[in-house]
Amino acid sequence: MPTSADAPEPVLEGAPSLPFTDPADVPCPAVGWATPASLVGPWSGSFGSSRYKSRIFRQVAERHDYLDDGTVLAVRIVRTRPSGAHSVLLPRPEEREDAVGTWSVDPSGVRELRIRSASATRVSRERVWISVEPKRRPTPTMQVRVLGRDPDGAWRGEVYFEESAPAAKHGYESRVELRFDPPLTAERSGPLTIQVRRSLRVWGGGRPATWSARERHTGVVEGDRVVLDQLPSRVPGQDERLWEAFRSFDVQELLRASDDALIALRPLNLGPARLGRNTDPPILWHDIIDEGRCTRLSSTAP
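As the structure is a prediction and not an experimental result, all values here were calculated from the model. (Residues numbered from 1 in each chain as written. Predicted model: local features only at pLDDT ≥ 70, side-chain atom pairs only at ≥ 80, totals over all residues. Heavy atoms only, no water.)

**Re the overall build of the protein**
Note the following rule: The way it works is that DSSP assigns letters per residue, a run of H or I at least four long becomes a helix, a run of E at least two long becomes a strand, and they are numbered from the N terminus. Exposed residues in this analysis have more than 50% of their type's maximum accessible area, buried residues have under 20%, and partly exposed residues fall in between, with area computed by a 1.4 Å probe over protein chains only. Whether two residues touch is decided by their heavy atoms; if any such pair falls within 4.5 Å, the residues are in contact.
Summing up its helical and strand segments, the protein has three helices and 20 strands in all. Looking at the protein as a whole, 41% of its 302 residues qualify as buried. For the protein, long-range pairs separated by at least 24 residues make up 54% of all intrachain contacts whose partners lie at least 6 apart in sequence.

**What to know about unusual backbone geometry**
A cis amide bond, omega 0°, links Asp181 with the succeeding residue Pro182. Here Pro182 is to be found in the loop between strand E13 (169-181) and strand E14 (190-203). Of note in this structure, Arg145 is not a glycine but carries a positive phi near 55°. In this fold, Arg145 is placed in the loop between strand E10 (140-143) and strand E11 (146-149).

**Topic: the pairing of strand E16 (residues 225-228)**
In summary, the side chains of a regular strand alternate between the two faces of the sheet. Applicable threshold: Between any two strands, at least two bridges found by DSSP are needed for them to pair.
Where burial is concerned, the two faces of E16 differ: the one with Val226 and Leu228 is buried and the one with Arg225 and Val227 is not. Here strand E15 (residues 209-222) pairs with E16 via four bridges, running antiparallel. Note on E16: the bridge partner recorded for Val221 is Val226. Counting the residues that bridge the hairpin from E15 to E16 gives two residues, and of these Gly223 lies at a positive phi of roughly 65°.

**Brief notes about the pairing of strand E9 (residues 129-132)**
The two faces of E9 match: Trp129 and Ser131 on one face and Ile130 and Val132 on the other face are all buried. Judged from the two bridges that link them, strand E2 (residues 32-33) and E9 form a sheet pairing that is antiparallel. What sits directly across from Gly32, in E9, is Ile130. As judged from the four bridges shared by E9 and E10, these two strands associate in the antiparallel manner. Within E10, the residue paired with Trp129 across the bridge is Gln143.

**Section: the environment of Val220**
With respect to the helices and strands, the residue Val220 is situated in strand E15. On a C-alpha basis, the gap between Val220 and Pro191 in space is 4.1 Å, while along the polypeptide they are 29 residues apart. Setting aside anything within four residues of it in sequence, one finds Val220 in contact with Gly190, Pro191, Leu192, Arg225, Val226, Val227 and Asp229.

**Let's talk about helix H2 (residues 240-247)**
Of the positions making up H2, those classed as buried are Arg241, Leu242, Trp243, Ala245 and Phe246. Contacts from the buried residues of H2 go to E13, E14 and E15.

**Regarding the packing of aromatic side chains**
Definition in use: Side-chain rings of Phe, Tyr and Trp, where Trp is taken by its six-membered ring, are said to pair if the distance between their centres is within 6.5 Å; with planes under 30 degrees apart they count as stacked, over 60 as edge-to-face, and otherwise as tilted. In this analysis the charged atom, NZ for Lys or CZ for Arg, is taken to sit over a ring once it is within 6 Å of the ring centre and within 35 degrees of the ring normal.
All chains considered together, the criterion is met by seven aromatic pairs. Their ring planes at 85° and their centres at 5.2 Å tell us that Trp33 and Trp129 sit as a pair that is edge-to-face. Pair noted here: Trp33 is in strand E2 and Trp129 is in strand E9, with a separation of 96 residues, a long-range link. A single burial state applies to Trp33 and to Trp129, both of which are buried. Each ring, one from Tyr160 and one from Trp203, has its centre 5.7 Å from the other, and the planes form 35°; the classification is tilted. Taken together, the residues span a long stretch of sequence, with Tyr160 in strand E12 (residues 155-164) and Trp203 in strand E14 at a distance of 43 residues. Judged by relative accessible area, Tyr160 falls into the buried class, the value being 14%. By the ring-pair criterion, three or more aromatic residues cluster together here, those being Trp211, Trp243 and Phe246. Cation over ring: Arg125 sits above Tyr160, and NZ or CZ is 4.4 Å from the ring centre. Above the ring of Trp33, the side-chain terminus of Arg127 is found at 3.7 Å from the ring centroid.

Without other data, these values stay purely geometric and don't point to any function.
What follows is the structure, encoded as structure tokens:
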């Protein structure tokens, strides 16, 4: 006669039959200017922002899943809190926004991203560089704010951004041009002179405005780093829109990624996007900022 010890253990309805395991690492993408093949997959990042003279600090975490059919699925979570030394102890209300859109990359590595949500449509366009950090379990990184070297020897980059909401539209375009004397080469090290030219254009939230400046700075090349010795002396006035465009492309410190690519190392609150960890919805804040890994291939090693 069977006893209670012989009875099978109850199985909860809908419970997985196998233990949960992390998904396998994907192959590392090719290092260099972005291509459709190198962008497919989940990419995520977080950054902080505080508008000019604002008392509110916003923390934004975003996840973009680039699908190979040219569509993208997006999640954005925004945390807000008053700025100030003691505000880190205050609650951080969260707002979540799900969106869909399209993406494309041209042969020069310019990515156009169009995201549509219930509240707004956001369009961005800029050149993108893919790198793979040399760790034991490497992490692919999507670098924006990248300057490319043109045939005339100048290094140029630009950022275009526009947000359209039902009630208003605003945006900016930020262009940067660098000329090095003597010219920047792979063997170059030591001091040099850098001519920096900036051009800004903004619209929405008031009358359209433009601003431009050209300055000459001293700098130094230390290994793969190019550092300007001086802060820019000419900056936009108190137009908050021009400040946003100006700060979107900071060239105070640059990383020489290759013979034809310079990465503008942005402040920590504007860090690059990294390959995201595959997670099933719902996606929480920590799911978004959690990094994914890749399996390095000999043909893609930097």
